[in-house]
Amino acid sequence: MNAFKELGKYSSLLYQALRSSTEFSTYRKNLFHELVKVGYDSVPIIILVGIFTGSVMTLQSAYQLQFAFIPLSTIGAIVSESILIELAAVISGLVLAGKVGARVATELGTMRVSEQIDALESMGFNSVSFLVVPRVLAGVMMFPVLYIVASIFGIGGGLAAGYFSGTVPPADFLMGARMYFYPWNVVFGFTKSFVFGFIITSVACYKGFFAKGGAEGVGKSTTEATVLGCIYILLADFVLAALLL
Amino acid sequence: MIEIRNLTKSFGDNLVWEDVTFRIEDGETTAIIGRSGCGKSVLLKHINALMTPDSGEVLIDGKNIFELDYVGQRKLRQRFGVLFQGSALFDSINTFENIAFPLRYFTDLSEHDIHDKVMAALRHVNLESAAEKGTSELSGGMRKRVGLARAIILEPQYIMYDEPTSGLDPQTADEINELIVVMAEQFDITSIVITHDMHSVLEVADKVAFLDQQKLSWYGTIDQMRQSNQKNLIDFISASEYQIKSKSSI
């Protein structure tokens, strides 16, 4: 029963956000700030995640296939396709659920419990348009960009790890990556990152916007936003794979 | 004029108050008093349509505000300034920007005019020197004054104070009380003050509405309040007077 109530409140907030999205002048400034915070500020962690994911995948694939009589280019194919289809979007999503989701829920939760949202409403602002719309828009706009960054650095990291460890020469790695490259996989990864961006920011906005109590309430809403963001990413990953592959 | 008619509100099975009826005349300062948790702040949020009642009406200049659409209610709220209990300053921007905030979104004023208006508002609350300070650098009393400067910046017709002196030392509380009186007189603002601080009530209010036992238990002028024989009102005032005397004897 409670879950249905929560779903109803979440849907209602999204509906309000959709209706408020026409009030561009209200959220224009905030949208720019959020694009920077969600996108630009996340680039370093995404590069790090990409490089290490690609590197570890290459080393582990080389280890697992060391006694198999298959061409080394296969490792390049495995790493690049895994990154494009799954890892760049999902691992980035999980990391960003912590970084972006926690920040958004904490910001809005603090604003709620310190009456800043009430103050906005009292001044005649549409608080959903002012606070929720720019954050969700920044999520759906910047996560696909971060997916591209994660993919480039993931494949680059895999290539570098193969070269420096002496397990896969770059020419073989790239040959395998090119041979098994399907543009649809990029479209699929791109779609996933778009959906994950929406899930993480909208869930975090919902949890923060309706936070109750003091510091404890904000902490609870932040934890729930992060945990639920991660769970919904995994569920959405499964659903999208079942629908689109 | 604000007319509150037969207002009833409950949260689930918990009745907050019922059948609340009173009138706030233009230019008057009305204090809404009562014990903690009696629903004073909830009533305040009904007066500018931040909350909707289970039944009843709030009429402003003869129009029921709950019949207005969302845009109409937002426009109505711009006629109110609100000073929140914790001041509700935006902590991501400094004092100047907090006060300039409504001007930037709701007016077409130039930067120069915004600067002049903000500095004038800060002068009114004796806080010109704090313009560039971050909100975390402000004391409790300064935060209240900045909140007050922000509340008056759009030159509202009504101003609502939610526990304006709570958490302040007696001297700072007196300064805030003085400001409430000055604002009402200087700008001809109709004021509504939520408080359980009787000292503040006696300093600023023309009329008093006493919420108790889930209803409007008493309503009248300050003089009528002093002469009232109603037991629960006398008990409430006596408890506060004891506190005032205790403070002054220290």
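None of the values given here were measured: they were computed from a predicted structure.

## Brief notes about empty space enclosed by the protein
Summed over all chains, the structure comprises three cavities of 30 Å³ or more. Within this model, the largest cavity holds a volume of roughly 150 Å³. Surrounding the largest cavity, 14 residues form its lining, M123 of chain A together with G81, V82, R150 and A151 of chain B being those nearest its centre. Every element with two or more residues in the lining of the largest cavity is listed here: α5 (116–122) of chain A together with β6 (80–83) and α5 (140–152) of chain B. Split into classes, the residues belonging to the lining of the largest cavity amount to 10 nonpolar, three polar and one charged. Considering only enclosed or pocket space, the second largest cavity measures out at about 70 Å³ in volume. Every residue along the wall of the second largest cavity is listed here: S122 of chain A together with S41, L44, K45, N48, L50, V82, F84, M160 and D162 of chain B. Those elements that place two or more of their residues in the lining of the second largest cavity are α1 (40–47) and β7 (158–162) of chain B. Of all the elements, α1 of chain B adds the most residues to the lining of the second largest cavity, at three residues. Here the lining of the second largest cavity is composed, by residue class, of five nonpolar, three polar and two charged.

## Brief notes about the packing of helix α4 (residues 73–113) of chain A against helix α8 (residues 183–209) of chain A
Residue and element names in this part refer to chain A. In the contact formed by α4 and α8, the axes pass within 8 Å of each other and the chain directions differ by 15 degrees. Taken together, the axis directions place α4 and α8 in an arrangement best described as roughly parallel. Regarding α4 and α8, the two cross each other, and that crossing is right-handed. Grouping the amino acids of the contact of α4 with α8 by side-chain chemistry returns 17 nonpolar, eight polar and four charged.

## Digging into the layout of surface pockets
Space inside the largest pocket adds up to approximately 1,300 Å³. If you go around the largest pocket, you meet 39 residues; those closest to its centre are R112, D118 and F210 of chain A together with L50 and M51 of chain B. If you list the elements that add at least two residues to the lining of the largest pocket, you get α1 (2–20), α4, α5 and α6 (127–165) of chain A together with β1 (2–11), α1 and α2 (70–77) of chain B. Residue composition of the lining of the largest pocket, grouped by class: 13 nonpolar, 11 polar and 15 charged. Put simply, the second largest pocket is a space of about 600 Å³. At the level of secondary structure, the elements contributing two or more residues to the lining of the second largest pocket comprise α2 (24–38), α4, α5 and α6 of chain A together with α3 (95–106) of chain B. Element by element, the count of residues in the lining of the second largest pocket is highest for α2 of chain A, at five residues. When its residues are assigned to classes, the lining of the second largest pocket shows eight nonpolar, five polar and eight charged.

## Considering the nonpolar core
Membership of the largest hydrophobic core comes to 87 residues, with the highest contact counts inside it found for I2, I4, F22 and I32 of chain B. By residue number, the principal contributor to this core is α4 of chain A, which donates 14 residues. Not counting residues up to four positions away in its chain, the partners in contact with I4 of chain B are V20, T21, F22, I24, I47, E57 and V58 of chain B. One finds F96, M119, L138 and I189 of chain B within the second-largest nonpolar core, a separate group that totals 47 residues.

## Details of the domain arrangement of chain B
All names here are of chain B. Assigned domains of chain B: these are domain 1 (2–79 + 160–249) and domain 2 (90–155). Relative to domain 2, the C-alpha centre of domain 1 lies at a distance of 25 Å. Of the residues lining the interface, 14 residues belong to domain 1; the matching set on domain 2 comes to nine residues. Contact with domain 2 buries surface across domain 1, with Q78, L179 and M183 losing the most and accounting together for 43% of the total. The residue E175 makes a salt bridge to R145 at a minimum N-O spacing of 4.0 Å. Viewed at the interface, domain 2 and domain 1 are joined by one residue pair in polar contact (both at pLDDT 80 or more). Broken down by element, the residue count for the side of domain 1 that touches domain 2 peaks at seven residues, all from helix α6 (residues 170–187). For the side of domain 1 that touches domain 2, the per-class residue count stands at eight nonpolar, four polar and two charged.

Definitions and cut-offs
Residues numbered from 1 in each chain as written. Chains lettered and ligands numbered in written order. Predicted model: local features only at pLDDT ≥ 70, side-chain atom pairs only at ≥ 80, totals over all residues. Heavy atoms only, no water. 1 Å grid on protein atoms, 1.4 Å probe; cavity = no way out; pocket = protein on both sides within 12 Å on 5 of 7 lines; lining within 4 Å. Points joined across faces, edges and corners; volume = space filled by probe spheres on them. Helix = DSSP H or I, 4+ residues; strand = E, 2+ residues; numbered from the N terminus. Nonpolar A, V, L, I, M, F, W, Y, C, P; charged D, E, K, R; others polar. Axes fitted to C-alpha atoms, helices over the stretch in contact; angles between N-to-C directions. Parallel < 35°, antiparallel > 145°, perpendicular 65-115°, else oblique. Left-handed = near helix turned anticlockwise from the far one by under 90°. Core = buried A, V, L, I, M, F, W, Y, C linked by side-chain atoms within 4.5 Å. Buried < 20%, exposed > 50% of the residue type's maximum accessible area, 1.4 Å probe, protein only. Contact = heavy atoms within 4.5 Å. Domains from an automatic or database assignment. Buried area = accessible area lost by both parts, 1.4 Å probe. Salt bridge = Lys/Arg side-chain N within 4 Å of Asp/Glu carboxyl O. Polar contact = N/O pair within 3.5 Å; in protein donor to acceptor, adjacent residues only side chain to side chain.

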